[in-house]
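# Understanding the architecture of this molecule
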Protein chains: 2
Amino acid sequence: MDSLVERFRSGDRRALARLITRAENRSPGFAETLDAIYGSTGRGFRIGVTGPPGAGKSTIVDGLAAAFRAAGDSVAVLAIDPTSPFTGGALLGDRIRMRCTEDDSNIFVRSMATRGSLGGLARATVDAADLLDAFGYKQIMIETVGVGQAEHDVMTASDVVLVILYPGGGDSVQAMKAGLMEIADIFVVNKSDHPAADRLVDDIEQMLELRARRDAWRPPVVQCVATERRGIAELVLRIENYKSAREAAGDLAARRRERREAQVRRAIEEELALLLFEKSGFQDYITRELDRRRPPYAIAAEVVNLIKNSLKHAI
Amino acid sequence: MDSLVERFRSGDRRALARLITRAENRSPGFAETLDAIYGSTGRGFRIGVTGPPGAGKSTIVDGLAAAFRAAGDSVAVLAIDPTSPFTGGALLGDRIRMRCTEDDSNIFVRSMATRGSLGGLARATVDAADLLDAFGYKQIMIETVGVGQAEHDVMTASDVVLVILYPGGGDSVQAMKAGLMEIADIFVVNKSDHPAADRLVDDIEQMLELRARRDAWRPPVVQCVATERRGIAELVLRIENYKSAREAAGDLAARRRERREAQVRRAIEEELALLLFEKSGFQDYITRELDRRRPPYAIAAEVVNLIKNSLKHAI
């Protein structure tokens with residue numbers, strides 16, 4: 001493991017890929033590795049990209065990647081693929097493989113899928129983004145297909161979130177309102193040469209009028225035709241604006257601190273579940289009490305009380 | 001709350017609906033209510049129904065509901081709707097409302113959505129099914145849209161799982177293989193009057209040959225044209241076969257015990273997260289250590305160790 005970290009530090013992309021796999025699988029030693037590279041994180045900027053299927057997320061990501069490379073920045077793309085038993089996780093995979101054929105060592109593309117819990121996906125995404133960041137990638141894009149709740153967890157792993165919408169997609173803003181204002185820092189109306197594009201922009205603007213955010217940021221609406229790379233330059237500008245405005249307000253640092261706190265909490269919960277249900281006697285106790293037809297929440301309350309009392313001296 | 005439980009016990013459907021809402025919202029006292037009705041659970045049979053969008057899940061559920069009612073059984077339907085910010089949770093809602101207009105007090109239909117975590121949805125589903133079971137519904141169907149990972153959690157809440165597939169849907173069995181064998185107890189090929197139906201049946205049978213299950217059960221493949229109610233009678237028979245075969249083998253009881261154990265574990269995890277991160281000093285400690293740039297997994301390990309040591313006398 002140590003030699004892998006050394007190779008990672010010397011810029012070996014295969015070592016990077018293997019460390020991401022280990023974080024994904026929670027292989028033994030992954031936590032120590034992430035702690036070892038933690039000091040080198042914090043220089044990359046993490047851009048979350050989400051939206052409904054068909055909105056053109058991949059094309060936007062491709063356009064942004066080209067623009068960042070033209071400006072001299074290295075680029076990493078994490079494509080997060082919430083696995084469904086009905087898709088086999090292939091929603092994004094193929095397109096990703098196609099993009100990988102580009103022979104530019106300053107672009108790194110990686111698809112991540114999981115069959116486990118979504119919580120597991122969120123954890124692995126933060127870890128993979130940390131590895132990319134520590135490796136030296138300046139622009140780290142995290143792309144997710146907007147079909148489940150994965151995007152919410154995954155998006156909290158980003159410094160800025162782009163929500164990609166498109167006109168005529170059958171989804172009106174009214175139908176999409178749930179949660180969008182909470183996650184979108186920048187709205188992108190793709191396929192803006194479509195006759196219904198102005199209407200969609202108006203709808204979003206109206207929604208922005210009606211709903212206040214917790215912070216002072218007002219998400220801009222950027223129009224794009226990503227297939228022709230139209231609007232990408234403005235989008236890059238908006239991302240930079242966002243970054244400097246939020247850095248100045250101290251919001252970016254706050255967001256990153258929240259992300260770290262959530263990461264620590266999840267790591268504690270993960271370890272604690274192992275400790276309580278696999279390594280301690282609680283599992284046997286639960287089984288025994290259930291066999292006696294004792295109701296579930298009463299059993300849970302007793303176990304929690306036991307832990308609480310024994311923690312009294314600890315805290 | 002107590003009077004609500006009394007009304008529930010006297011057969012008041014509005015009291016049932018309100019108790020489900022309370023379980024969904026984790027309102028104060030919900031755990032005590034669920035424990036109070038726990039002794040009356042275990043008589044209803046829980047049928048999970050899942051499959052890709054467009055497979056005809058709702059039509060199958062409608063057909064089964066009619067067949068169960070004709071046989072004299074009361075029926076409850078829980079439609080689980082994994083909320084996406086891009087759909088606003090309306091994937092199933094509308095069809096459900098339509099079905100609700102049927103004026104049969106022995107059919108109860110309820111749509112459940114959540115904007116929180118999928119774990120929360122799994123918890124609320126088990127609780128809602130318990131309430132329906134204790135209320136006296138004999139056949140409890142849990143329908144979920146197969147677009148995310150929600151179905152996996154939700155399906156573990158069922159006694160039997162029907163996976164609905166359809167020919168010509170663009171999804172070959174090869175593409176769908178991930179996880180299907182683990183969750184399907186009965187395969188349903190809907191729209192079996194389609195020319196490609198035989199091919200799909202063959203594909204499923206072949207997959208069944210290749211993959212062994214942990215248990216001895218071999219999932220049957222039932223062909224249906226649900227819009228014409230063809231195949232529904234056979235499906236009912238297959239469900240009954242499954243139930244008696246698994247009851248005889250002791251597998252059904254084992255599955256239900258596993259479900260209870262998972263429920264208790266989730267309740268403990270939920271309470272423990274509150275205790276550790278909201279009511280104790282650990283959150284402040286985490287923040288402080290992060291401010292010192294101490295790496296996240298080292299902080300987590302220390303907190304877990306502290307808990308572990310203080311638990312030594314408890315276990």
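It should be emphasised that the depicted structure is a prediction, and the values quoted were computed from it without experimental measurement.

What follows deals with the packing of helix α1 (residues 2–9) of chain A against helix α3 (residues 30–37) of chain A. Residues and elements named next belong to chain A. At a minimum axis separation of 11 Å, α1 and α3 run at an interaxial angle of 35 degrees. Like other packed secondary-structure pairs, α1 and α3 cross with a definite hand, here right-handed. Seen from α1, the contacting residues are V5, F8 and R9; seen from α3, they are T33, A36 and I37. Split by residue class, the contact of α1 with α3 holds four nonpolar, one polar and one charged.

Here we take up the nonpolar core. Membership of the largest hydrophobic core comes to 132 residues, with the highest contact counts inside it found for I268 of chain A together with I268 of chain B. Ignoring anything within four residues of it in the chain, the contact list for I268 of chain B reads L276, F277, I286, A300, V303 and V304 of chain A.

Turning to the side chain of T144 of chain A, a few remarks are in order. With respect to the element layout, T144 of chain A can be found in strand β4 (residues 139–144). A distance of 3.5 Å separates the side chain of T144 of chain A from the backbone oxygen of I80 of chain A, its partner in a polar contact.

Here we take up the packing of aromatic side chains. A full pass over the atoms with the stated rule returns ten aromatic pairs over all chains. Ring geometry for W217 of chain A and Y242 of chain A: centres 4.9 Å apart, planes at 90 degrees, overall edge-to-face. Taken together, the positions of W217 of chain A in the loop between α10 (197–210) and β7 (221–223) and Y242 of chain A in helix α11 (residues 232–249) put the pair 25 residues apart, joining distant regions of the chain. Both residues of the pair, W217 of chain A and Y242 of chain A, belong to the buried class. An angle of 45 degrees between the planes, with centres 5.9 Å apart, marks the rings of F108 of chain B and Y137 of chain B as tilted. Highlighted residues: F108 of chain B in strand β3 (residues 107–114) and Y137 of chain B in the loop between α6 (118–135) and β4 (139–145), separated in sequence by 29 residues. For the pair shown, F108 of chain B and Y137 of chain B are each scored as buried. In this arrangement the basic side chain of R265 of chain A is found over the ring face of F277 of chain B, its NZ or CZ atom lying 6.0 Å from the centre.

Next up on the list: the pairing of strand β6 (residues 186–189) of chain A. Residue and element names in this part refer to chain A. Of the two faces of β6, the one carrying I186 and V188 and the one carrying F187 and V189 are both buried. Across four bridges, strand β5 (residues 160–165) lies against β6 in parallel orientation. Looking at β6, one finds that I164 is bridged to V188. Sheet topology places β6 next to β7; three bridges connect them, and they run parallel.

Fine structural detail should not be taken from predicted coordinates in areas where pLDDT scores are low. All names here are of chain A. Confidence in the prediction of chain A, expressed as mean pLDDT, is 84, and 81% of residues score 70 or more. Ranking the elements of chain A by mean pLDDT puts helix α5 (residues 90–100) last with 47 and β7 first with 97. Here residues 87–98 is a poorly scored stretch, pLDDT under 50, and it has 23 contacts once near neighbours within four places are set aside; other chains count. Model confidence for the complex is summarised by a pTM of 0.79, with the ipTM given as 0.82.

It is worth spelling out unusual backbone geometry at this point. With a phi angle near 65 degrees, R293 of chain A is a residue other than glycine that sits in the positive phi range. By the element assignment, R293 of chain A lies in the loop between α13 (282–291) and α14 (296–311).

The next subject is α3 of chain A. Where burial is concerned, most of α3 of chain A is hidden: six out of the eight residues are buried. Among all positions of α3 of chain A, only F30, A31, T33, L34, D35 and I37 of chain A are buried.

A side chain of one charge can pair with a side chain of the opposite charge if their charged atoms are brought near each other. Here the structure, examined in full by the defined rule, presents 41 salt bridges over all chains. Of the charged contacts, one joins R123 of chain A and E270 of chain A as a salt bridge, the two residues approaching to 3.3 Å between their closest N and O atoms. Of the two residues, R123 of chain A is situated in helix α6 (residues 118–135) and E270 of chain A in helix α12 (residues 251–277); the sequence distance between them amounts to 147 residues. Here E234 of chain B ties to R238 of chain B by a salt bridge, and the two come within 3.3 Å at their closest N and O atoms. Here R238 of chain B and E234 of chain B lie together in helix α10 (residues 232–249), a separation of four residues that amounts to about one turn. Using a relative accessible area of 33% as the deciding quantity, one classes E234 of chain B as partly exposed. R238 of chain B gets classed as partly exposed once you look at its relative accessible area, which sits at 30%. Look at the salt bridges and you will find they share partners, linking R26, R123, D127 and E270 of chain A into a network.

Parameters at a glance
- All residue numbers refer to positions counted from 1 along the written sequence of the respective chain.
- Just so you know, chain letters begin at A and ligand numbers begin at 1, following the order they were written in.
- In keeping with the model being predicted, local features are shown solely for residues with a pLDDT of at least 70 and side-chain atom pairs are shown and tallied solely at 80 or more, while totals for entire chains, interfaces and linings include all residues.
- Side-chain measures here rest on the full set of heavy atoms in the structure, leaving out hydrogens and waters.
- Between N-to-C directions, angles cover 0 to 180 degrees, with each direction set by a line fitted to C-alpha atoms, over the stretch in contact for helices.
- Secondary structure elements are defined from DSSP: runs of H or I of at least 4 residues count as helices, runs of E of at least 2 residues count as strands, and each element is numbered from the N terminus.
- By convention the crossing between two helices is left-handed if the near helix lies anticlockwise of the far one by an angle smaller than a right angle, and right-handed if it lies clockwise.
- Whether two residues touch is decided by their heavy atoms; if any such pair falls within 4.5 Å, the residues are in contact.
- Amino acid classes used here: Ala, Val, Leu, Ile, Met, Phe, Trp, Tyr, Cys and Pro are nonpolar; Asp, Glu, Lys and Arg are charged; the rest, including Gly, are polar.
- What we call a nonpolar core is a set of buried Ala, Val, Leu, Ile, Met, Phe, Trp, Tyr and Cys residues that are connected through their side-chain atoms within 4.5 Å.
- With a 1.4 Å probe rolled over the protein chains alone, any residue whose accessible area is under 20% of its type maximum counts as buried; one over 50% counts as exposed, and the rest are partly exposed.
- Polar contacts, as counted here, are pairs of nitrogen or oxygen atoms within 3.5 Å of one another; within protein the pair requires one atom able to donate a hydrogen and one able to accept it, and residues that are adjacent in sequence qualify only if both atoms are side-chain atoms.
- Here the aromatic set is Phe, Tyr and Trp, taking the six-membered ring for Trp, and pairing holds for ring centres within 6.5 Å; pairs whose planes are under 30 degrees apart are stacked, those over 60 apart are edge-to-face, and all others are tilted.
- By definition here, charges over rings are those cases where NZ of Lys or CZ of Arg is within 6 Å of the ring centre and within 35 degrees of the ring normal.
- At least two DSSP bridges between two strands are needed for those strands to be called paired.
- By definition, pLDDT measures how confident the predictor is in each residue, and it falls between 0 and 100.
- Any carboxyl oxygen of Asp or Glu within 4 Å of a side-chain nitrogen of Lys or Arg constitutes a salt bridge here.

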